[in-house]
Amino acid sequence: MTPLVASAALVAIAYFAGSIPTGVLVARARGVDLRAVGSGNIGATNVARALGKRVGVAVLVADAAKGAAPAAAGLWLQARGLADPVAVAAAGFAAIAGHCFPVWLGFRGGKGVATSLGVFAVLAPDVTALAAALWIALYAAFRIASVGSLAASAAFVPLLWLRGYGVPTIALAGAAVALIAVKHRDNVARLVRHAEHRV
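The notes below deal with the structure included here. This is a predicted model, so every value here is computed, not measured.

Regarding the nonpolar core
Of all hydrophobic cores here, the largest spans 19 residues; its most connected members are Ile96, Val119, Phe120, Leu123, Phe156, Leu160 and Leu172. At the level of secondary structure, the elements contributing two or more residues to this core comprise α5 (85–100), α6 (113–123), α7 (125–142), α8 (145–162) and α9 (167–183). The element contributing the most residues to this core is α9, with five residues. Excluding residues within four positions of it along the chain, Phe120 makes contact with Pro125, Thr128, Phe156, Leu160, Thr169, Leu172, Ala173 and Ala176. Among the nonpolar cores identified, the runner-up in size contains eleven residues, and Ala6, Leu10, Ala83 and Ala87 belong to it.

Examining the layout of surface pockets
The calculated volume of the largest pocket comes to roughly 950 Å³. For the largest pocket, the lining is made up of 46 residues, of which Thr45, Leu60, Val113, Trp135 and Ser149 are closest to its centre. Contributions of two or more residues to the lining of the largest pocket are made by α3 (44–51), α4 (53–79), α6, α7, α8, α9 and α10 (185–192). Sorting elements by how many residues they give to the lining of the largest pocket places α8 first, with seven residues. Looking at the lining of the largest pocket residue by residue, the classes come out as 22 nonpolar, 17 polar and seven charged. Estimated volume of the second largest pocket: approximately 310 Å³. Lining the second largest pocket are 15 residues, with Asn41, Gly109, Lys111, Lys183 and Asp186 positioned closest to its centre.

Structural notes on the packing of aromatic side chains
Using the criterion set out here, one finds four aromatic pairs in the structure. Aromatic side chains Phe16 and Trp104 sit 6.0 Å apart centroid to centroid with 50° between the ring planes, which places their arrangement in the tilted category. Here Phe16 is found in helix α1 (residues 3–18), whereas its partner Trp104 is found in the loop between α5 and α6, with 88 residues between them in sequence. Overall, Phe16 belongs to the partly exposed group, its relative accessible area being 43%. Classification of Trp104 as exposed rests on a relative accessible area of 53%. With 4.9 Å between their ring centres and 40° between their planes, Phe120 and Phe156 make a pair best called tilted. One end of the pair, Phe120, is in helix α6; the other, Phe156, is in helix α8, with 36 residues separating them in the sequence. For the pair Phe120 and Phe156, one class covers both residues: buried. An aromatic cluster is defined as three or more aromatic residues linked by ring pairs; in this entry it consists of Tyr15, Phe16 and Trp104.

Thresholds applied
Residues numbered from 1 in each chain as written. Predicted model: local features only at pLDDT ≥ 70, side-chain atom pairs only at ≥ 80, totals over all residues. Heavy atoms only, no water. Core = buried A, V, L, I, M, F, W, Y, C linked by side-chain atoms within 4.5 Å. Buried < 20%, exposed > 50% of the residue type's maximum accessible area, 1.4 Å probe, protein only. Helix = DSSP H or I, 4+ residues; strand = E, 2+ residues; numbered from the N terminus. Contact = heavy atoms within 4.5 Å. 1 Å grid on protein atoms, 1.4 Å probe; cavity = no way out; pocket = protein on both sides within 12 Å on 5 of 7 lines; lining within 4 Å. Points joined across faces, edges and corners; volume = space filled by probe spheres on them. Nonpolar A, V, L, I, M, F, W, Y, C, P; charged D, E, K, R; others polar. Phe/Tyr/Trp six-rings, centres within 6.5 Å; stacked < 30°, edge-to-face > 60°.

Shown next as structure tokens:
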């Protein structure tokens, strides 16, 4: 297998891994249409609202795994000369995009936070730990998941730069942050109106 074929396969598989609608499947198994309750979002926060925090955490872990697995596979291929850092970053973004725009749900998916967490837990574990600590602190203070998500994601690019990560990883973070911001536009509008949902 050539590096080009391996990289292309990695990106394609990453998208399809990311596109698995974990929250929808878990909720459906419990007789709940996740898109018809709460915020209508398919991510872990809405699962927690609809089915309880324990189920929400389980979905969070599963959604993170959808990002972690392709990132880890990318590093494995890179170590064997079958992928470069650009391909690894592209695979990470493909997994995040898969969660946000899953083909199985008419490209209407989640907001990308948990899957991004999984990607960067593999590619930049130190920065991910700092961002996760920021999320936890803000969630504890406000009980609003979107506040922590937006702040933690915004911190990634400067933290990666300060920690000396390469351009592909920083560019991946920038693209992920932009996508997360777009997917949170309704949350931002509710925050401005002081009407955002609490968990």
